Amino acid sequence: FKVWADVPMGPPDPIFGITEAYKKDGDVKKMNLGAGTYRDDAGKPYVLPSVRQAETELLSQKLDKEYAPITGIPSFRVQATKLAYGDVYESIKDRLVSAQSISGTGALCIAANFLASFYPSKTIYVSDPTWGNHKNVFSRAGLTVKSYKYYDPATRGLDIKGMLSDLTSAPDGSIILLHACAHNPTGVDPTKAQWDDILKTMQKKNHFALLDMAYQGFASGDFARDAYATRLFASSNVPMLLCQSFAKNMGLYGERAGCFSILANDAEEAARIESQTKILIRALYSNPPVNGARIANHILSNPALREQWAGEVVGMSERLKSMRKALRNILEKDLKNKHSWKHITDQIGMFCYTGLNPQQVDVLAKQYHIYLTKNGRISISGLNTSNVRYFAEAINAVTS
Ligand code: PLP
């Protein structure tokens with residue numbers, strides 16, 4: 001039959017394509033700096049000991065495999081939103097609607113569908129650049145995706161003037177997507193003072209804030225610090241929703257544990273929003289998987305395990321910070337590279353926007369067996385004490 005004759009071949013996913021090329025490369029020095037998943041100093045995936053411990057304890061409870069409610073495991077939702085909203089939680093909990101989601105992407109899907117159905121404006125503004133999947137998720141749900149200025153290639157930092165000016169030019173009541181911390185792909189975050197200015201502009205323009213927080217704790221090692229913007233917005237009168245992920249900060253990538261939450265004006269409005277959220281989720285996937293949320297809930301609600309986990313999160317973020325320092329030091333001090341590499345240590349989180357151009361990225365792959373995205377983004381987690389010098393030498397060679 002011919003019904004699919006007109007289905008065009010789509011482009012491969014850029015990140016997964018890099019991993020494929022890396023896998024095919026037989027060189028011992030090869031490096032994968034594409035994927036945004038944490039690796040330990042031996043370059044291996046890291047299952048947090050607190051997660052292993054939670055799994056053991058949960059296994060011994062011999063829990064059943066019944067369906068979770070449509071919005072997920074209730075205690076997980078409370079624990080997740082408490083972690084995000086912190087000291088603001090108590091004052092908003094009666095008008096906060098939450099739903100366990102299929103990790104961060106699933107939370108974004110709920111958000112996109114909810115906004116497309118019920119929010120007056122159908123245009124969402126995302127940072128330029130942003131995580132590649134944002135555009136897919138929002139346009140699939142029927143929203144129009146536009147962008148606001150964010151990254152300044154000249155400083156390899158934030159273009160705060162351009163950002164505020166674009167937010168001001170957007171029509172009143174637009175939806176604005178903000179990366180709560182550890183901006184992907186640039187690693188460039190606003191300072192606290194800049195967040196305050198962003199909030200003021202959002203208030204003046206009656207914009208709606210969609211906060212994507214995929215890296216709480218993972219960025220600085222401090223859950224409160226990474227949630228600064230989230231808590232600032234939640235304690236203001238800006239309408240907002242939040243998408244959380246436990247992929248990075250608990251290393252639960254494939255378990256798909258996340259949380260969607262939205263602030264209503266009062267409890268009555270919250271009840272209406274919750275009813276529609278349930279109808280939407282029921283149609284999308286009925287109810288979420290239980291395993292990852294059980295693990296996250298167990299860690300968050302058990303004080304000793306939670307403290308252990310917090311320490312492990314500090315460990316991951318410290319390793320990434322130390323790799324940033326090492327890379328910059330080798331380039332500037334040891335190799336005396338003529339460019340400034342200050343941005344490597346100014347930027348934060350999993351990623352660094354190196355400033356390398358597509359030609360240089362090509363040479364890194366072909367001659368040095370080092371794989372990264374064409375935009376020059378590297379995942380810091382792919383660096384370790386055994387390969388950071390080799391990587392610095394390769395950068396030095398392509399930029400000298
Ligand atoms: N949002 C951003 C900015 C991300 O970088 C990611 C993951 O890379 C996600 C959301 C969602 O990831 P997940 O669906 O694995 O939680």
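Here the structure is a predicted model, which is why all the values come from computation and not from measurement. (Residues numbered from 1 in each chain as written. Predicted model: local features only at pLDDT ≥ 70, side-chain atom pairs only at ≥ 80, totals over all residues. Heavy atoms only, no water.)

Let's shift gears to the environment of Pro 120. Structurally, Pro 120 is set in the loop between helix 5 (103-118) and strand 3 (123-128). Through-space distance from the C-alpha of Pro 120 to that of Ile 175 is 9.7 Å; in sequence the pair is 55 residues apart. (Helix = DSSP H or I, 4+ residues; strand = E, 2+ residues; numbered from the N terminus.)

Here we take up the state of the cysteines. Taken as a whole and assessed by the stated rule, the structure comprises 0 disulfides. Here Cys 181 stays unpaired: no disulfide links it, and the sulfur of Cys 243, its closest cysteine neighbor, is 13 Å away. With relative accessibility at 3%, the residue Cys 181 sits in the buried group. (Disulfide = S-S within 2.5 Å. Buried < 20%, exposed > 50% of the residue type's maximum accessible area, 1.4 Å probe, protein only.)

As a further point, take unusual backbone geometry. Looking along the chain, the bond that leaves Asp 128 and enters Pro 129 is cis, with omega of 5°. Relative to the helices and strands, Pro 129 resides in the loop between strand 3 and helix 6 (132-140). The step from Asn 184 to Pro 185 runs through a cis peptide bond, and the omega angle for that step is 20°. Inspection of the secondary structure puts Pro 185 in the loop between strand 7 (175-179) and helix 8 (192-204). At Ser 286, a position not held by glycine, the phi torsion is positive, near 75°. Examined against the element boundaries, Ser 286 turns out to sit in the loop between helix 11 (267-284) and helix 12 (291-301). The backbone of Lys 336 shows a phi angle near 50°, a positive value even though the residue is not glycine.

If you look at the biggest cluster of nonpolar residues, it comprises 97 residues, and the most contacted ones within it are Leu 178, Ile 198, Phe 233, Phe 246 and Phe 391. In terms of residue count, the dominant contributor to this core is helix 13 (residues 303-334) (9 residues). Those residues in contact with Phe 246 that lie beyond four places of it in its chain are Phe 76, Ala 80, Leu 83, Gly 251, Leu 252, Ala 257, Gly 258, Ala 296 and Leu 300. Listed in part, the 29 residues of the second largest apolar core include Ala 107, Tyr 119, Val 126 and Ile 262. (Core = buried A, V, L, I, M, F, W, Y, C linked by side-chain atoms within 4.5 Å. Contact = heavy atoms within 4.5 Å.)

Here the focus is the site of the ligand. The local shell around the ligand holds 13 residues, among which Ser 103, Thr 105, Asp 212, Tyr 215 and Ser 245 are the closest. In this structure, an oxygen atom belonging to the ligand sits 2.5 Å away from a side-chain N or O atom of Ser 103. In this structure, an oxygen atom belonging to the ligand sits 2.5 Å away from a side-chain N or O atom of Thr 105. Expressed as a share of its isolated accessible area of 390 Å², the protein-covered part of the ligand is 92%. The element that contributes the greatest number of residues to the shell around the ligand is helix 5, accounting for 3 residues. (Near = heavy atom within 4 Å. Polar contact = N/O pair within 3.5 Å; in protein donor to acceptor, adjacent residues only side chain to side chain. Areas by Shrake-Rupley, 256 points an atom, 1.4 Å probe, with all protein chains shown as cover.)

Here we take up the sheet that holds strand 10 (residues 257-263). Spatially, the 7 strands line up as an open sheet ordered 2-10-9-8-7-3-4, and their pairing is mixed. Here the strands that pair on one side only, and so sit at the sheet edges, are strand 2 (96-102) and strand 4 (144-149). On average, each strand axis in the sheet is tilted by 25° relative to the strand beside it, whichever way the strands run. Summarising the sheet, strand 9 (residues 240-245) and strand 10 pair through 5 bridges and their orientation is antiparallel. Each bridged residue has a counterpart across the sheet, and for Cys 243 the counterpart in strand 10 is Phe 260. Taken strand by strand, helix 5 contacts strand 2, strand 7, strand 8 (208-213), strand 9 and strand 10, and its axis lies near 155° from that of strand 9. (Pairing = 2+ DSSP bridges. Axes fitted to C-alpha atoms, helices over the stretch in contact; angles between N-to-C directions.)

Another point: the confidence of the model for the chain. The predicted coordinates ought not to be read in detail in places where the model reports low pLDDT. On average, residues of the chain score 97 in pLDDT, and 100% of them reach the 70 mark or higher. What the predictor reports for the complex is a pTM of 0.96 with an ipTM of 0.99. (pLDDT = per-residue confidence, 0-100.)

All right, on to the pairing of strand 3 then. Along strand 3, 5 of the 6 residues are buried, which leaves the element largely enclosed by surrounding structure. In the sheet, strand 3 pairs with strand 4 via 6 bridges, with the strands oriented parallel. Its bridge partner being in strand 4, Ser 127 is matched across the sheet by Tyr 148. Taken together, strand 3, helix 6 and strand 4 form a β-α-β motif whose crossover is right-handed. With 2 bridges joining them, strand 3 and strand 7 adopt parallel strand pairing. Paired with Tyr 125 across the two strands is Ile 176, which belongs to strand 7. (Right-handed = clockwise from strand over helix to strand, strands pointing away.)

The next point concerns the packing of helix 13 against helix 16 (residues 388-399). At a minimum axis separation of 9 Å, helix 13 and helix 16 run at an interaxial angle of 45°. Regarding the angle of helix 13 to helix 16, the classification is oblique. Judged by the sense of rotation from one axis to the other, the crossing of helix 13 with helix 16 is right-handed. Mapping the contact onto sequence places Met 323, Ala 326, Leu 327, Ile 330, Leu 331 and Asp 334 in helix 13 and Val 388, Arg 389, Phe 391, Ala 392, Ile 395 and Asn 396 in helix 16. Looking at the contact of helix 13 with helix 16 residue by residue, the class counts come to 9 nonpolar, 1 polar and 2 charged. (Parallel < 35°, antiparallel > 145°, perpendicular 65-115°, else oblique. Left-handed = near helix turned anticlockwise from the far one by under 90°. Nonpolar A, V, L, I, M, F, W, Y, C, P; charged D, E, K, R; others polar.)

To continue, consider the packing of aromatic side chains. Inspection of the entire model under this criterion finds 12 aromatic pairs. For the ring pair Tyr 22 and Tyr 371, a centre distance of 6.3 Å and an interplane angle of 80° mean the geometry is edge-to-face. Placement of the pair is Tyr 22 in helix 1 (residues 14-24) and Tyr 371 in strand 12 (residues 370-371), with a sequence separation of 349 residues. What links up through ring pairs into an aromatic cluster is the set Tyr 38, Tyr 46, Tyr 215 and Phe 218. Residue placement shows Lys 30 over the ring face of Tyr 22; its charged tip is 4.5 Å from the ring centre. (Phe/Tyr/Trp six-rings, centres within 6.5 Å; stacked < 30°, edge-to-face > 60°. Lys NZ or Arg CZ within 6 Å of the ring centre and 35° of its normal.)

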